[in-house]
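A closer look at the structure
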Amino acid sequence: NISADCYETTDGDHGRIEIRRRHTVSDIDWLSGKENRKGLNIIREHQGIENSDHHVRDVSMNEDCSRIRKNPHIFSKLRSFALNIMRANKVGNIAQELFKNCMNIANLYNYQTVMKH
């Protein structure tokens, strides 16, 4: 039986109310069994997705500041699509690349995954 504390914060600064819940465990003896490591890998993989996609969309593309209220998931997918194209082309600095592309839209044709010959 694992005992966990739950902490909750509410944020309404983005035009919508976000409730975040965190669960903390102080007794980590249960980690010693190999059968529990699969669950930890799932958590680690989810955090990797959060850091590589959601966080980049929030920071580089200001997704949290977006005022789009009708079908926002469509624009979220477009942002992810743009990130995937840049990652496939080994872009190191997403924010800098977005700025460069905004200054000259013809740069988009330089990406391998946009124009296949």
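Before reading further, recall that the structure is shown in the block above.
Fair warning: this is a prediction, and the values are worked out from it, not measured in the lab.

1. Some remarks on the overall build of the protein chain
Each helix and strand in the protein chain was counted, giving three helices and two strands. The secondary structure elements of the protein chain, listed N-terminal to C-terminal, are β-β-α-α-α. When the 117 residues of the protein chain are sorted by exposure, 21% land in the buried category. Excluding contacts between residues fewer than 6 apart, the proportion of contacts in the protein chain whose partners are at least 24 apart in sequence is 30%.

2. Some details on the nonpolar core
The biggest cluster of nonpolar side chains holds nine residues, and these are Val56, Met61, Leu83, Ile85, Met86, Val91, Ile94, Leu98 and Tyr111. Secondary structure elements with two or more residues in this core: helix 2 (72-88) and helix 3 (94-103). Ranked by residues supplied to this core, first place goes to helix 2 with three residues. Not counting residues up to four positions away in its chain, the partners in contact with Leu83 are Asp53, Val56, Arg57, Met61 and Ile94.

3. Describing helix 3
Buried within helix 3 we find Ile94, Glu97, Leu98 and Asn101. Taken around the axis of helix 3, the buried residues stretch over an arc of 100 degrees, which confines them to a single face. Across helix 3 from its buried face, at more than 90 degrees, point the exposed residues Gln96, Phe99 and Met103. Its side-chain oxygen placed 3.2 Å from the backbone nitrogen of Ala95, Asn93 serves as the N-cap of helix 3.

Reading the values: the criteria
Residues numbered from 1 in each chain as written. Predicted model: local features only at pLDDT ≥ 70, side-chain atom pairs only at ≥ 80, totals over all residues. Heavy atoms only, no water. Helix = DSSP H or I, 4+ residues; strand = E, 2+ residues; numbered from the N terminus. Buried < 20%, exposed > 50% of the residue type's maximum accessible area, 1.4 Å probe, protein only. Contact = heavy atoms within 4.5 Å. Core = buried A, V, L, I, M, F, W, Y, C linked by side-chain atoms within 4.5 Å. Arc of directions from axis to C-beta. Polar contact = N/O pair within 3.5 Å; in protein donor to acceptor, adjacent residues only side chain to side chain.

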